[in-house]
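One-letter residues, chain by chain:
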Amino acid sequence: MLRQAPLHLSIMIIVLVAATATACTTGSAPRMVGTGDVVADRQRVMKLQGEQMTDIQNKIKADNIEGIATNAEVLAITSMQITSLFPEGSLTDKSNAKPEIWVRWGEFEATAKNKDQKAVADVLKDYGRATCVSCHDTFRKPLPRS
Ligand code: HEC
């Protein structure tokens, strides 16, 4: 599965991580998406992130490294939304979020920042592995449909 990362790929990783980190340090951005249903909103944002990860993996396999930039951009922008999409008390029967999120909010926030900054770099390092799993393991119930 793993192969030696060519130089331009390594440079790309640095650029992407820097871009993502910058996006994350600008603090809690106002929510850009909003249907009034915060659970549906965050599930949509999460699906969007999932699609970016799939896209990135496919582009790496196709040696389209330059094409990854747009996916990284979407990941960076959507990552800024994560914590604002989990207001206290936003658990419904449609949500797979665990109540632990609000008990361990500091940890959740830190995970949102760290994991997403690292997500793109990790997927480039080992594109067979999903990196978003560690937050899901702790803060999300197993999805009924998967
Ligand atoms: C900080 C924690 C955290 C991080 C980081 C995170 N997720 Fe999630 N994710 C959640 C939680 C919590 C839910 C459940 C939301 C709900 O159902 O209310 C979820 C749900 C999802 C879902 C299911 C959406 C649905 O329709 O039910 C997908 C797909 C998903 N995440 C993909 C990703 C991907 C891909 C990444 C990495 C780029 C990622 N997530 C990063 C916490 C996180």
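Please read all numbers here as calculations on a predicted model, not as lab measurements. (Residues numbered from 1 in each chain as written. Predicted model: local features only at pLDDT ≥ 70, side-chain atom pairs only at ≥ 80, totals over all residues.)

Some points on the overall build of the protein chain
Here is step 1: Across its full length, the protein chain carries 6 helices and 0 strands.
Here is step 2: For the protein chain, the proportion of its 146 residues judged to be buried stands at 20%.
Here is step 3: The contacts of the protein chain with a sequence gap of at least 6 include a subset with a gap of at least 24, amounting to 76%. (Helix = DSSP H or I, 4+ residues; strand = E, 2+ residues; numbered from the N terminus. Buried ≥ 20, exposed ≤ 12 C-beta atoms within 10 Å, placed from the backbone. Contact = placed C-beta atoms within 7 Å.)

A closer look at the confidence of the model for the protein chain
When pLDDT is low, close inspection of the predicted coordinates is not appropriate.
Here is step 1: Scored by pLDDT, the protein chain comes out at a mean of 74, with 63% of its residues at no less than 70.
Here is step 2: When mean pLDDT is compared element by element in the protein chain, helix α4 (residues 100-103) scores highest at 96, while helix α1 (residues 7-25) scores lowest at 43.
Here is step 3: Between residues 1-29, whose pLDDT stays under 50, and residues either more than four places distant or in other chains, the model counts 38 contacts. (pLDDT = per-residue confidence, 0-100.)

Points about the environment of K94
Here is step 1: Within the secondary structure layout, K94 lies in the loop between α3 (68-79) and α4.
Here is step 2: By the C-beta count within 10 Å, which is 9 here, K94 ends up exposed.

With respect to unusual backbone geometry
For residues other than glycine, phi is negative in most cases, and the peptide bonds are mostly trans.
Here is step 1: The phi angle at D63 is positive, at roughly 60 degrees, despite the residue not being glycine.
Here is step 2: For D63, the location among the structural elements is in the loop between α2 (38-61) and α3.

Remarks on α3
Because an α-helix completes one turn every 3.6 residues, residues spaced three or four positions apart along the sequence face the same direction.
Here is step 1: The end-to-end C-alpha distance of α3, which contains 12 residues, comes to 16 Å, matching closely the 16 Å that a straight helix rising 1.5 Å per residue would cover.
Here is step 2: Residues of α3 that are buried include every one of I68, N71, A72, L75, A76, T78 and S79, and no others. (Expected span 1.5 Å × (residues − 1).)

Observations concerning α2
Here is step 1: If you check α2, its first and last C-alpha atoms are 35 Å apart, about what 24 residues at 1.5 Å a residue would give, namely 34 Å.
Here is step 2: Once α2 ends, the next one or two residues include D63, with phi positive near 60 degrees.

Let's talk about the nonpolar core
Here is step 1: Listed in full, the 6 residues of the largest apolar core are I82, L85, F86, I101, F108 and A112.
Here is step 2: What I101 contacts, discounting residues up to four positions off in sequence, is F86, F108 and F139.
Here is step 3: In terms of nonpolar packing, the next biggest core, distinct from the first, is built from 5 residues, I56, I68, L75 and A76 among them. (Core = buried A, V, L, I, M, F, W, Y, C linked by C-beta atoms within 7 Å.)

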